[in-house]
Amino acid sequence: MRPETASIRRRAVAALLLATIGSLVFASGAFADFLTPESGGSPNADQIDSLYKIVLYIAIVVFIVVEGALFYSIWRFRAKKGAVAAQIHGNTRLEISWTVGAALILVALAAVTFSKLSSIQDPPNSSADGLQLADGVLTASVDVPSPPNGKKLTICVTGRQYIWRYTYGEECQRNPFGVAYSYEEMVVPANTTVVLDIQATDVIHSWWIPKLGGKFDAVPGYRNFTWFKAPRAGETYRGQCAELCGRNHADMTARVRVVTPQEYTAWLQQQRRDIAAADREVLQLREQLTRDGDLN
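Structural notes, computed from the coordinates. (Residues numbered from 1 in each chain as written. Predicted model: local features only at pLDDT ≥ 70, side-chain atom pairs only at ≥ 80, totals over all residues. Heavy atoms only, no water.)

Looking now at the overall build of the chain. Each helix and strand in the chain was counted, giving five helices and ten strands. Split by element, the accessible area of the chain, about 18800 Å² in all, is 60% carbon and sulfur. (Helix = DSSP H or I, 4+ residues; strand = E, 2+ residues; numbered from the N terminus. Areas by Shrake-Rupley, 256 points an atom, 1.4 Å probe, with all protein chains shown as cover.)

Counting residues in each nonpolar core, the largest one holds 34 residues, and the members touching the most others are Met-186 and Trp-207. Secondary-structure elements contributing two or more residues to this core are strand 1 (153-160), strand 2 (163-168), strand 4 (185-189), strand 5 (194-200), strand 10 (253-259) and helix 5 (261-291). Ignoring anything within four residues of it in the chain, the contact list for Trp-207 reads Val-157, Trp-164, Tyr-166, Met-186, Leu-196, Ile-198, Gly-214, Lys-215, Phe-216, Ala-254 and Val-256. (Core = buried A, V, L, I, M, F, W, Y, C linked by side-chain atoms within 4.5 Å. Buried < 20%, exposed > 50% of the residue type's maximum accessible area, 1.4 Å probe, protein only. Contact = heavy atoms within 4.5 Å.)

With that out of the way, let us pick up the packing of helix 3 (residues 43-76) against helix 4 (residues 92-121). The description of two helices packed together rests on the angle between their axes and the distance between the axes. Where helix 3 meets helix 4, the axes come as close as 9 Å, and the angle between the chain directions of the two elements is 170°. The orientation of helix 3 with respect to helix 4, classified from their angle, is roughly antiparallel. On helix 4, the residues touching Asn-44, Gln-47, Ile-48, Ser-50, Leu-51, Ile-54, Val-55, Ile-58 and Val-62 of helix 3 are Ile-105, Leu-109, Val-112, Thr-113, Lys-116, Ser-119 and Ile-120. Along the lines of polarity and charge, the residues of the contact of helix 3 with helix 4 split into ten nonpolar, five polar and one charged. (Axes fitted to C-alpha atoms, helices over the stretch in contact; angles between N-to-C directions. Parallel < 35°, antiparallel > 145°, perpendicular 65-115°, else oblique. Nonpolar A, V, L, I, M, F, W, Y, C, P; charged D, E, K, R; others polar.)

Going through the model one piece at a time under the given rule, you end up with one cavity of 30 Å³ or more. Approximately 70 Å³ is the volume attributed to the largest cavity. Residue lining of the largest cavity: Asn-44, Leu-196, Trp-207, Trp-208, Ile-209, Leu-212, Gly-213, Gly-214, Thr-226, Trp-227 and Phe-228, and that is the complete set. Ranked by the residues each element gives to the lining of the largest cavity, the list is headed by strand 8 (residues 224-228), at three residues. Each residue belonging to the lining of the largest cavity can be placed in one class, and the counts come to seven nonpolar, four polar and no charged. (1 Å grid on protein atoms, 1.4 Å probe; cavity = no way out; pocket = protein on both sides within 12 Å on 5 of 7 lines; lining within 4 Å. Points joined across faces, edges and corners; volume = space filled by probe spheres on them.)

Turning next to the pairing of strand 9 (residues 236-240). Going residue by residue along strand 9, you find Tyr-237 and Gly-239 tucked away on one face and Thr-236, Arg-238 and Gln-240 left uncovered on the opposite face. Relative to strand 10, strand 9 runs antiparallel, the two sharing five bridges. Its bridge partner lying in strand 10, Arg-238 is registered against Arg-255. (Pairing = 2+ DSSP bridges.)

Relative to the assigned elements, Gly-213 resides in the loop between strand 6 (205-207) and strand 7 (216-218). Separated by 166 residues in sequence, Gly-213 and Gln-47 have C-alpha atoms that sit 8.8 Å apart. In contact with Gly-213, not counting residues within four places along its chain, are Asn-44, Ala-45, Ile-48 and Trp-208.

Everything listed here is a matter of coordinates, which is why it stays silent on function.
Listed below in structure tokens is the structure:
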């Protein structure tokens, strides 16, 4: 094979490799979410996605430099007839350079990570066009996320084999049977800071709606907290229990439906009426069964 032909092939392979890496890194839409965290549903999810991409791009640059140096060295210093390899006992300047360079990369990554942690952990205030919440009480707990003004919509998320229950309102932990609730689908108002109080009743489950932020375990006897702030009404975000919790684990899906504050208020009132009506029907049935002697 002619040297010119071999050189052209090497360049073509290198160009194809770079094009492939570029298409993966800078891909948009659903294919981009295949390689990077999903985002667009909440500010904390966007920050997680942004931090992930920064680390990914730096890692790709390091990978290309290291692998490029490796392949160049393999090709440049390949064995030749009659050639005698030089005996090298070290290069102090080179060794110090790559050690310092690696340390600087780690310091830069740590600085970027810590600069973004607050925006991932700390929820912002609800927007002016969000649900008008009552004055909140700022919590001193480091576990419970709270916006600066303390105004938040609290929803308790309870995992059990094999369904999610959502209980709405500040009383959801103290009095879970006296407030509105729903199963499988959570309904939230747009542009409103929503704080989730996550728990389980039987085994460990894991709450995860990828577009709304990080994954949090639901553990019996322990409370986990997270938050999100969905910007657009009319969206539905889907997820699933991310912890193998039993034979029907795959059926434990989750949905978050975002509506306008007015639609949320109307839905919540209707949900309360429907629950109260169902409770009355059950009470009437119990009384009838008791009278007939079918229930002791």
